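Coordinate analysis (summary)
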Amino acid sequence: MARLIVIEGGEASGKTTQARLLAEDLGAVLTREPGGTAVGEALRRLLLDPSLPAPVAKAEALMLLAARAQHVAEVVEPALAQGHDVVCDRYSGSTLAYQGYGRGLDLAELASFDGWATGHRVPDVVVLLDVPVEQGRARRSCATDRIEAEGDEFLERVQAGFRKLAAADPQRWRVVDGRGRVEEVAERVREAVGT
C-alpha cells in the first residue's frame, strides 16, 4: 500500500537532502511544503521572501494551510491513489511546531484547520531530523529566508514543539539524529521508515 512519508525538522536539519535521498531509494514522488504546486510555490514566495512585509501569525498559518490544501488535492492524493509512495519535505507537523509552538497560536485550532485543509490525510510515517538549533545555524552561512532569519528563541520553541509532537505520537513519528555525514543520516532515515 502506498505511504505518505514526511520528513520534518528545524532549520538546516537536512530535510530537503534526506527527503530527496529517501524518495530516490523508494522510487517515490518527491514533493515539498509550502510548495509542490503552482499555487503552493506562489504562496511560498509570499511567506518566505524577507523583502516582503511579514504576515501576522494567523495570516501566515492560513497561507500555509491554503498551500497544503492545494498540495494534497493536486499532488499527494493523486499519487497515493495511483499506488505511489510520496515523500514530503514538511507537512502538518511543521505548522504545529512553527505556528503553534513557535508563534503561540492555539494548537487545537491549528490541528482542526489542518484536518479540514488536508481532508484528514495524515502521514503514515513522520521522520523528525533532530538537530540542535545552534548546529543548524552553523550549517548556514547566512539566513536566506524570513523564517531562517528568526532568532534562536523562536527556533528553540519550534524544536521543542517538534519533540513534543513526536513524543505524543510514537506510533507515527520516528526521531532520527540528524547529525553526522549525509550517508549516515540517510541510513538512519531508511531504518526509521522501514525500507
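Below is a short write-up of the structure. (Residues numbered from 1 in each chain as written. Predicted model: local features only at pLDDT ≥ 70, side-chain atom pairs only at ≥ 80, totals over all residues. Heavy atoms only, no water.)

Quick look at the packing of helix α4 (residues 92-102) against helix α7 (residues 152-168)
It is at 8 Å that the axes of α4 and α7 come closest, and there the two elements cross at 130 degrees. Accordingly, the angle class assigned to the pair α4 and α7 is oblique. The way α4 lies across α7 gives a crossing that is right-handed. On α7, the residues touching Gly93, Ser94, Leu96, Ala97, Tyr98, Tyr101 and Gly102 of α4 are Phe154, Arg157, Val158, Gly161, Phe162, Lys164 and Leu165. Residue composition of the contact of α4 with α7, by class: eight nonpolar, four polar and two charged. (Axes fitted to C-alpha atoms, helices over the stretch in contact; angles between N-to-C directions. Helix = DSSP H or I, 4+ residues; strand = E, 2+ residues; numbered from the N terminus. Parallel < 35°, antiparallel > 145°, perpendicular 65-115°, else oblique. Left-handed = near helix turned anticlockwise from the far one by under 90°. Contact = heavy atoms within 4.5 Å. Nonpolar A, V, L, I, M, F, W, Y, C, P; charged D, E, K, R; others polar.)

Things to note about helix α1 (residues 15-26)
Over its 12 residues, α1 extends 16 Å from the first C-alpha to the last, a length consistent with the 16 Å expected when each residue adds 1.5 Å. For α1, the set of buried residues is Lys15, Gln18, Ala19, Leu21, Leu22 and Ala23. In this structure, the buried side of α1 is in contact with β1 (4-9), β2 (29-32), β3 (86-89), β4 (125-130) and α8 (182-193). Positive backbone phi, at 65 degrees, marks Gly27, one or two positions downstream of α1. (Expected span 1.5 Å × (residues − 1). Buried < 20%, exposed > 50% of the residue type's maximum accessible area, 1.4 Å probe, protein only.)

Description of the side chain of Glu11
Of note, Glu11 is situated in the loop between β1 and α1. Note on Glu11: relative accessible area 14%, which makes it buried. Among the polar contacts listed, one links the side chain of Glu11 to the side chain of Arg90, at a separation of 3.2 Å. At 2.4 Å, the side chain of Glu11 forms a polar contact with the side chain of Tyr98. Residues within four places of Glu11 in sequence aside, it is in contact with Arg90, Tyr98, Gly136, Arg140, Ile147, Glu148 and Leu155. (Polar contact = N/O pair within 3.5 Å; in protein donor to acceptor, adjacent residues only side chain to side chain.)

Quick look at the environment of Gly27
Looking at the secondary structure, you find Gly27 in the loop between α1 and β2. Residues Gly27 and Tyr101, 74 residues apart in the sequence, show an inter-C-alpha distance of 34 Å.

Examining empty space enclosed by the protein
Per the stated rule, a full pass over the model turns up one cavity of 30 Å³ or more. Taken as a whole, the largest cavity spans an internal volume of roughly 100 Å³. Gly10, Glu11, Ser13, Val131, Pro132, Val133, Gly136, Arg137, Arg140, Leu155, Val158 and Gln159 together form the lining of the largest cavity. Of all the secondary structure elements, the ones that give two or more residues to the lining of the largest cavity are α6 (133-139) and α7. In the lining of the largest cavity, the residues fall into five nonpolar, four polar and three charged. (1 Å grid on protein atoms, 1.4 Å probe; cavity = no way out; pocket = protein on both sides within 12 Å on 5 of 7 lines; lining within 4 Å. Points joined across faces, edges and corners; volume = space filled by probe spheres on them.)

A look at unusual backbone geometry
Omega for the bond connecting Glu33 with Pro34 falls within 30 degrees of zero, at -15 degrees, which places this linkage in the cis form. On the secondary structure map, Pro34 appears in the loop between β2 and α2 (38-48). A positive phi angle is found at Ala12, which is not glycine, with a value near 60 degrees. Note on placement: Ala12 falls in the loop between β1 and α1. A relative accessible area of 22% means that Ala12 is categorised as partly exposed.

A look at the pattern of salt bridges
A pair can form between side chains of opposite charge whenever their charged atoms are brought close. All chains considered together, the criterion is met by 17 salt bridges. The closest approach of N and O atoms between Arg90 and Glu11, which form a salt bridge, is 3.2 Å. On the criterion of sequence distance, the pair formed by Arg90 in the loop between β3 and α4 and Glu11 in the loop between β1 and α1 is long-range, its members being 79 residues apart. Across the pair, exposure class does not vary: Arg90 and Glu11 are buried alike. Here Asp169 and Arg172 are joined by a salt bridge, their closest N and O atoms 3.0 Å apart. Classification of Asp169 by relative accessible area gives partly exposed; the value is 23%. (Salt bridge = Lys/Arg side-chain N within 4 Å of Asp/Glu carboxyl O.)

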